Amino acid sequence: MMAQGKIAASFDAEKARADFTILSRQVYGKPLVYLDSGASAQKPDMVLDTMRDFATSEYANVHRGVHFLSAAATDRYEAARRTVQKFLGAASEEEIVFTKGGTEAINLVAYSHLMPVIQPGDEIVLSVMEHHSNIVPWHFLRERQGAVLRWVDVRDDGSLDIEALDAAIGPKTKLVAITHMSNVLGTIAPLKDIVARAHAKGALVLADGCQGAVHEKVDVQALDIDFYVITGHKLYGPTGIGALYAKKAHLKTMRPFNGGGEMIREVSKERITYADPPARFEAGTPPIIESVGLAAALDYLTGLDRVAVAAHEQDLLAYARQQVRQFNWLRVIGDAPGKGAILSFEADGMHAHDLATILDREGVAVRAGHHCAQVLMERFGVASTSRASFALYNNRSDVDALVAGLSKARGILG
Amino acid sequence: MDNALRELYQEVILDHSRHPRHYGSMDNASHKAEGYNPLCGDKVTVYLQLDADGRVSDIKFEGKGCAISQASASMMVDMLKGRTAAEADRLMKGFLHLVKGEDASDLPEDDRERLEVMGGISAFPMRVKCATLAWHTYKNAVEEGAT
């Protein structure tokens, strides 16, 4: 853990907290303690201001009109694409496809890249800690085209067994689909190592970066990864926008998914020709204002010292982990070395929903349930867990409120 | 703790959730159904023995879930046992009104008094589904669950 003083020098969490108006509100007469950023992060005022400014001064549809506003809006939309490109370290802006979120980005790869080529018996390797959004699209390929899903387990501490993953990749593996960071365990997957091992056997790799990109700096070129997925609303940006990074070579061969305006070159009664990527995969009017909001959010995030932000979040996780050790009735699920700032747990005799209700009345917002990760729930033999997820705007007082709420819940339910 | 929480987690409810009545499976059930809340993963199975005229001659449940869903299931089986079809139906409708904070004056006085402990749930709209899971499952068992 980094020394407190050093964190304060490069990242001031209290100052950042003031950037988020919603965090100053109260619920049930108590200060809001928002520990559910893993589900969706709050947005700094500058993101909302930027969206409003854009909508009130430069908004029109993109890539269409010749008029002034359409040109201005197109410039902002394409500038947002370059912001995402830089954020992910992509070689070209043409490798960034805007989607409505992470789920659509993964489905795009399933429908456009794999569906046209996958044969019965071909394999997709995935881990048991995937979110449903990185499971269900592959189940579609299993159901409809006879693909085989090969599951890689995690260890009891939640860490990924890289040798087991390597062993699961065989000559028939078409894709390794893996989360960059588990939304339940916080486990970080060693993407560079995974990509090297997969490529050595001729398999491609898709990483679900919906959690990972929030907490870790991503460089898709250094990773040499084939597909990387982000969603805006977990990155302190708006809902309704996400992005798929795909290597240019893959985008060129991918079959269009949605058909409509914007994605074609020519349409006649007899035939169609398609626009070049990324437009080929962006049928219809895209989320324009949201793209500008996403770019603002990424600007906000990259304007901070991200190493210091990560150290701040790690400090909160370590503090919370240490604080809950006093509760011998609480079991933390996921203690992998180097994990991200997510604390999942179950409590003896207390169902996650009862716990979350009591915490809620204390102003503490946590997630309770299966977290869209039922395969992982089954792995750990639980129906649900409670989850506190930490963001850049959280502080140790938030952890203290969580711990006090847990004690109270124990008093009521225990 | 605040009043709403005290209302929600009354001792009667906690007692039912910790020591559910008529808990377990039933080999010779005439009707049964499984209920599942995909939002939270709560599961409940309701077993019934219905007489020819629809009277609930025996009822049991088993399942996993939060204190509210377990207590509600436990109170339900406790109260439904021995009821005629018409009485059971009135009880269910009254209960569903009660947990949504609606008028439950159709319920007979003594039933309403017993069920009133569940009334606190109406202040927690996100949790109403927990309380109604067992009752909906009971209804499914009666209507479509003949074994």
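Treat the numbers as computed from the prediction; the structure is a model and nothing was measured.

**Brief notes about the overall build of chain B**
Phase 1 of the analysis: The helix and strand tally for chain B stands at 6 helices and 3 strands.
Phase 2 of the analysis: Element order for chain B, N to C, with α for helix and β for strand: α-α-β-β-β-α-α-α-α.
Phase 3 of the analysis: For a compact globule of 147 residues, the expected C-alpha radius of gyration is about 15 Å, and chain B comes in at 14 Å, within 12% of that figure.
Phase 4 of the analysis: Here the C-alpha coordinates of chain B stretch approximately 45 × 30 × 25 Å along the principal axes.
Phase 5 of the analysis: When the 147 residues of chain B are sorted by exposure, 44% land in the buried category.

**Brief notes about the confidence of the model for chain A**
Phase 1 of the analysis: On average, residues of chain A score 95 in pLDDT, and 98% of them are at 70 or above.
Phase 2 of the analysis: Considering only residues more than four positions removed or in separate chains, one finds that residues 1-8 of chain A, a stretch of pLDDT under 50, has 9 contacts.

**A look at the pairing of strand 7 (residues 173-179) of chain A**
All names here are of chain A.
Phase 1 of the analysis: Counted residue by residue, strand 7 has 5 buried out of 7 residues, so it is predominantly covered.
Phase 2 of the analysis: Alignment of strand 5 (residues 123-127) against strand 7, held across 4 bridges, turns out to be parallel. In the strand pairing of strand 7, Leu126 is matched with Ala177.
Phase 3 of the analysis: Relative to strand 8 (residues 204-208), strand 7 runs parallel, the two sharing 5 bridges.

**What about the environment of A:Leu343?**
Phase 1 of the analysis: Summarising the element assignment, A:Leu343 is placed in strand 14 (residues 342-347).
Phase 2 of the analysis: Considering only alpha carbons, one finds A:Leu343 and A:Ala189, 154 residues apart in sequence, at a separation of 17 Å.

**Description of the packing of helix 13 (residues 306-324) of chain A against helix 16 (residues 396-413) of chain A**
All names here are of chain A.
Phase 1 of the analysis: Running from amino to carboxyl end, helix 13 crosses helix 16 at an angle of 25 degrees, the nearest separation of the two axes being 10 Å. Comparing their axes, helix 16 and helix 13 come out roughly parallel. As helix 13 runs across helix 16, the sense of the crossing is right-handed. For the pair helix 13 and helix 16, the contacting residues are Leu316, Tyr319, Ala320, Gln323 and Val324 in the first and Arg396, Val399, Leu402 and Val403 in the second.
Phase 2 of the analysis: Residue composition of the contact of helix 13 with helix 16, by class: 7 nonpolar, 1 polar and 1 charged.

**Some words on the interface of chain B and chain A**
As a measure of interface size, the accessible area lost when the parts come together is often cited.
Phase 1 of the analysis: At the interface, 16 residues of chain B touch 13 residues of chain A.
Phase 2 of the analysis: Grouping the constituent residues of the side of chain B that touches chain A by class yields 11 nonpolar, 2 polar and 3 charged.

**Overview of the packing of helix 4 (residues 85-99) of chain B against helix 6 (residues 128-144) of chain B**
Residue and element names in this part refer to chain B.
Phase 1 of the analysis: Direction vectors running N to C along helix 4 and helix 6 enclose 165 degrees, while the axes themselves pass 10 Å from each other. Taken together, the axes of helix 4 and helix 6 lie roughly antiparallel to each other. In the packing of helix 4 onto helix 6, the handedness of the crossing is left-handed. Taken together, the residues of helix 6 that come into contact with helix 4 (itself represented by Met92, Phe95, Leu96 and Val99) are Val128, Ala131, Thr132, Trp135, Tyr138 and Lys139.
Phase 2 of the analysis: Considered class by class, the residues forming the contact of helix 4 with helix 6 number 8 nonpolar, 1 polar and 1 charged.

**Let's talk about the nonpolar core**
Phase 1 of the analysis: A:Val176, A:Val205, A:Leu244 and A:Tyr245 are the most contacted members of the largest nonpolar core, which totals 170 residues.
Phase 2 of the analysis: For this core, the element with the most residues is helix 3 (residues 67-80) of chain B, which contributes 9 residues.
Phase 3 of the analysis: Looking at this core, you find at least three residues from each of domain 1 (4-40 + 305-413) and domain 2 (48-302) of chain A.
Phase 4 of the analysis: Contacts of A:Val205, omitting those with residues within four sequence positions, involve A:Val176, A:Ile178, A:Ile194, A:Val195, A:Ala198, A:Ile225 and A:Asp226.

**Observations regarding the confidence of the model for chain B**
Phase 1 of the analysis: Scored by pLDDT, chain B has a mean of 92; 99% of the residues are at 70 or more.
Phase 2 of the analysis: Listed scores for the predicted complex are pTM 0.92 and ipTM 0.88.

**So, unusual backbone geometry**
Leave glycine aside and you will find that most residues have negative phi; peptide bonds, for their part, are mostly trans.
Residue and element names in this part refer to chain A.
Phase 1 of the analysis: A cis amide bond links Pro277 to the next residue, Pro278, at an omega of 5 degrees.
Phase 2 of the analysis: In this structure, Pro278 sits in the loop between strand 12 (272-274) and helix 12 (288-302).
Phase 3 of the analysis: For Asp224, which is not glycine, the phi dihedral falls at a positive 60 degrees.
Phase 4 of the analysis: Here Asp224 is to be found in the loop between helix 10 (220-223) and strand 9 (227-231).
Phase 5 of the analysis: Note on Asp224: 15 C-beta atoms within 10 Å, which makes it partly exposed.
Phase 6 of the analysis: For Tyr236, which is not glycine, the phi dihedral falls at a positive 65 degrees.
Phase 7 of the analysis: Looking at where Tyr236 falls in the secondary structure, it is placed in the loop between strand 9 and strand 10 (242-246).
Phase 8 of the analysis: Since 27 C-beta atoms lie within 10 Å of it, Tyr236 is described here as buried.

**What about the sheet that holds strand 2 (residues 42-50) of chain B?**
Whether parallel or antiparallel, the strands of a sheet pair through hydrogen bonds between backbone atoms.
All names here are of chain B.
Phase 1 of the analysis: One open sheet holds the 3 strands; their spatial order is 1-2-3, and the pairing between them is antiparallel. At either margin of the open sheet sits one strand with a lone partner, and together these are strand 1 (31-37) and strand 3 (56-64). Pairwise comparison of adjacent strand axes, ignoring direction, gives a mean angle of 15 degrees for this sheet.
Phase 2 of the analysis: As paired strands, strand 1 and strand 2 are joined by 7 bridges and run antiparallel to one another. Residue pairing in the sheet places Lys32 in a bridge with Tyr47 of strand 2.
Phase 3 of the analysis: Running over the sheet, helix 3 touches strand 2 and strand 3 and is turned about 170 degrees from strand 3.

Cut-offs applied
Residues numbered from 1 in each chain as written. Chains lettered and ligands numbered in written order. Predicted model: local features only at pLDDT ≥ 70, side-chain atom pairs only at ≥ 80, totals over all residues. Helix = DSSP H or I, 4+ residues; strand = E, 2+ residues; numbered from the N terminus. Rg over C-alpha atoms; globule rule 2.2 N^0.38 Å. Buried ≥ 20, exposed ≤ 12 C-beta atoms within 10 Å, placed from the backbone. pLDDT = per-residue confidence, 0-100. Contact = placed C-beta atoms within 7 Å. Pairing = 2+ DSSP bridges. Axes fitted to C-alpha atoms, helices over the stretch in contact; angles between N-to-C directions. Parallel < 35°, antiparallel > 145°, perpendicular 65-115°, else oblique. Left-handed = near helix turned anticlockwise from the far one by under 90°. Nonpolar A, V, L, I, M, F, W, Y, C, P; charged D, E, K, R; others polar. Core = buried A, V, L, I, M, F, W, Y, C linked by C-beta atoms within 7 Å. Domains from an automatic or database assignment.

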